[in-house]
Amino acid sequence: MAARSPTVDVAILGAGIAGAACAYHLARRNAGSIVLYDPRTPAAGATGRAAGIVTDQLWDRWDVEVAQSSDRQYEALCRRHDPSAYARNGFVRWTANPIAAEAIDAARARLRSWGVSVERVDRAGLERRFPWGRFEDVVGAIAGDRDAVVTPSTIAALYLKEAEPLGVETWFGAPAAVRRDGAGVALRGAGRELHARTTIVAAGAWSKALLASLGAPRPLVPYRVQAATLRPPPGTPALFASGHDIDTDVYFRPEGAGRILAGDGTERVEADPDRFVPVGDATFLENLAESFRTRLPGWESSEMIRAWAGVCTSTPDRRPLVGALDPAIGLYTITGFNGFGVMRAGGAAERLVDRILQGPGGAAEEHLRSVDPRRFPAGTEARIPRPGFTLEGGDDPRF
Ligand SMILES: Cc1cc2nc3c(=O)[nH]c(=O)nc-3n(C[C@H](O)[C@H](O)[C@H](O)COP(=O)(O)OP(=O)(O)OC[C@H]3O[C@@H](n4cnc5c(N)ncnc54)[C@H](O)[C@@H]3O)c2cc1C
């Protein structure tokens, strides 16, 4: 008779920032035996391709609290191990569209009521922050000074650096086979096998297929997002606020070593995370150039260093899926971040671990109500993703 695979308390599938943060929080809470599995390497998915902007200028109180908690975790991890991976630089967004300006103002009032420190900024305030910009026609802008930029792959690595000495086993390599197995899940990957009492699917854009294979399909849509690093002309300071031009949906951040990183929202078609075009395309680069020409002319002659794409995961209501999915096999998930997973992963993982350890019916479950993975009735159609850095919540933001 074949020997039964070893049983572990928790298997985490995916070593992006979300899976790594789960491993860290579980280990710190002595959650038993924990295996983190990824067929690739840590941060091989969207995490290793992300811009790393961490802002609490988000859509509702849950997002704000989770982003603030992520920010505290990342700052502390980097302070302990790698201060170069974290900088508090602020975040500014602006528009020349009067209707979007009203939306900015409403967002500012909403954010302030949740304790987010954001201020209205006038033209002089924008020019002071970005002396190479041109803001004559801007009619609305807000800025926060608490926002940060991080190196997302470093954050994932630091979570693992602290989780491994606490007993988390990491398995990397060889595609996984997962299946329902009695009251848990069986996993075969990296040449090994296990049976898990609790399983967390934290597989980013791969979560759609993985959850479906475990009999728990969710209406997720993987989609492509692009970014580029550029070398601006001499004179750009090493550290400046991250910015978002609402009218072109282009955002940028300082990247260190005389570089900037810029990106734009969302490609509104489904992508296959195993077969997407990993380099930036001409339309993206033209949109970037156009945004710089009109708004940041001092950067027009920036030299392109590298342009790339990554795959994010959307949900029909643009809220992530964090929580219990199928209690019969101990299945949980943390995915569907709609392009904002770096800034929310640490805080969301901490809340998910609270929920796993507390069980159903308590305050931890209540904290995850708005992101409950079971909230979509069976048969809910997956929807094409919405634009990225929006000001408004809901499933159909105008800006
Ligand atoms: C260009 C770009 C810019 C971005 N900028 C920002 C930003 O500024 N701020 C922000 O907050 N977010 C940003 N994002 C979004 C952010 O990158 C994601 O939301 C976040 O990284 C998702 O993390 P994750 O751990 O859920 O998924 P991922 O990082 O995609 O990790 C999933 C992991 O699962 C693994 N996996 C696949 N199949 C399996 C399997 N069968 N079993 C186990 N593991 C599996 C993969 O190998 C991968 O390592 C950006 C994304 C892109 C592409």
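In this text the structure is predicted, and so the values were computed from the model without any measurement. (Residues numbered from 1 in each chain as written. Predicted model: local features only at pLDDT ≥ 70, side-chain atom pairs only at ≥ 80, totals over all residues.)

A. Just the nonpolar core, in detail. Among the nonpolar cores identified, the biggest contains 126 residues, and A11, I12, C22, A23, I34, Y159 and A262 are the most heavily contacted of them. The leading source of residues in this core is helix α1 (residues 17-28), at 9 residues. Two domains each donate at least three residues to this core, and these are domain 1 (7-48 + 153-221 + 317-371) and domain 2 (88-149 + 222-312). Setting aside its immediate chain neighbours within four residues, A23 contacts I12, I34, L36, Y159, L160, A163 and V168. (Core = buried A, V, L, I, M, F, W, Y, C linked by C-beta atoms within 7 Å. Buried ≥ 20, exposed ≤ 12 C-beta atoms within 10 Å, placed from the backbone. Helix = DSSP H or I, 4+ residues; strand = E, 2+ residues; numbered from the N terminus. Domains from an automatic or database assignment. Contact = placed C-beta atoms within 7 Å.)

B. Seen up close, the site of the ligand. Close to the ligand lie 41 residues; G16, G45, G204, G310 and G341 are nearest. The set of elements that each furnish at least two residues to the shell around the ligand consists of α1, β2 (34-38), β13 (221-231), β17 (303-314) and α8 (341-358). The greatest single-element share of the shell around the ligand, amounting to 4 residues, is contributed by α8. Partitioned by chemical class, the residues of the shell around the ligand number 25 nonpolar, 13 polar and 3 charged. Of the residues that make up the shell around the ligand, three or more belong to each of domain 1 (7-48 + 153-221 + 317-371) and domain 2 (88-149 + 222-312). (Near = placed C-beta within 6 Å. Nonpolar A, V, L, I, M, F, W, Y, C, P; charged D, E, K, R; others polar.)

C. Representation of helix α5 (residues 152-163). The first and last C-alpha atoms of α5 sit 17 Å apart over 12 residues, in line with the 16 Å expected at 1.5 Å per residue. Within α5, 10 of the 12 residues are buried, leaving the element largely enclosed by the surrounding structure. Buried residues along α5 sit against α1, α2 (61-81), β8 (148-150), β9 (169-172) and α8. (Expected span 1.5 Å × (residues − 1).)

D. Highlighting the domain arrangement of the protein. Parsing the protein into structural domains produces domain 1 (7-48 + 153-221 + 317-371) and domain 2 (88-149 + 222-312). Measuring from the centre of the C-alpha atoms in domain 1 to the corresponding centre in domain 2 gives 31 Å. On the domain 2 side, the residues contacting the 8 residues of domain 1 number 9 residues. Among the residues making up the side of domain 1 that touches domain 2, the classes are represented as 5 nonpolar, 2 polar and 1 charged.

E. Focus on α2. Relative to the 30 Å expected for 21 residues at 1.5 Å per residue, α2 spans 30 Å between its end C-alpha atoms, a close match to the ideal helical length. Of all the residues in α2, the buried ones are W62, D63, V64, V66, A67, S70, D71, Q73, Y74, L77 and C78. Taken together, the buried residues of α2 touch β3 (53-54), β4 (86-88), β8, α5 and α8.

F. How the structure looks around the pairing of strand β11 (residues 184-189). With 5 of 6 residues buried, β11 is to be regarded as a mostly interior element. For strand β10 (residues 177-181) and β11, the ladder comprises 5 bridges, and the chain directions are antiparallel. Paired with D181 across the bridge in β11 is G184. A loop of 2 residues connects β10 with β11, the two strands running antiparallel in sequence, and G182 in this loop sits at a positive phi of about 60°. Connecting β11 to the antiparallel partner strand β12 (residues 192-201) that follows it, the hairpin turn spans 2 residues, and A190 within it adopts a positive phi of roughly 55°. (Pairing = 2+ DSSP bridges.)

G. Unusual backbone geometry, seen in detail. One non-glycine residue, R318, adopts positive backbone phi at about 65°. Looking at the secondary structure, you find R318 in the loop between β17 and β18 (321-326). Classification of R318 as buried rests on a count of 23 C-beta atoms within 10 Å. Located in the positive-phi region is N338, a residue other than glycine, with phi close to 50°.

H. Just the environment of P39, in detail. By the secondary structure assignment, P39 is in the loop between β2 and β3. What makes P39 partly exposed here is the crowd of 18 C-beta atoms within 10 Å. Residues P39 and T198, spaced 159 residues apart in sequence, show a C-alpha to C-alpha distance of 19 Å. Leaving out residues up to four positions away in the same chain, P39 has contacts with G173, A174, P175, A176 and G189.

I. Representation of the sheet that holds β8 within the structure. Within the open sheet, the 3 strands sit side by side as β3-β8-β4. Their pairing is antiparallel. Of all strands in the sheet, those bounded by a partner on one side alone are β3 and β4. Across 2 bridges, β3 lies against β8 in antiparallel orientation. Bridge pairing links I53 to V149 in β8.

J. Region of the structure containing the environment of P222. With respect to the element layout, P222 can be found in strand β13. Taking the C-alpha atoms as reference points, P222 and S207, separated by 15 residues in sequence, lie 9.1 Å from one another. Leave out the neighbours within four places in its chain, and P222 touches A205, K208, E270, A271, D272, P273, V311 and T313.

K. Spotlight on the sheet that holds strand β15 (residues 250-256). Pairing is mixed across the open sheet formed by 8 strands, whose spatial order is β6-β7-β5-β14-β15-β16-β13-β17. Each having just a single partner strand, β6 (118-120) and β17 make up the two edges of the open sheet. Averaged over neighbouring strand pairs, the angle between their axes works out to 20° when direction is ignored. Strand contacts of helix α3 (residues 98-113): β5 (91-95), β6 and β7 (140-144), with the helix running at about 30° to β7, the strand carrying the most contacts. Of the strands in this sheet, β13, β14 (242-245), β15, β16 (259-264) and β17 touch helix α7 (residues 282-295), which is tilted by about 115° from β16. (Axes fitted to C-alpha atoms, helices over the stretch in contact; angles between N-to-C directions.)

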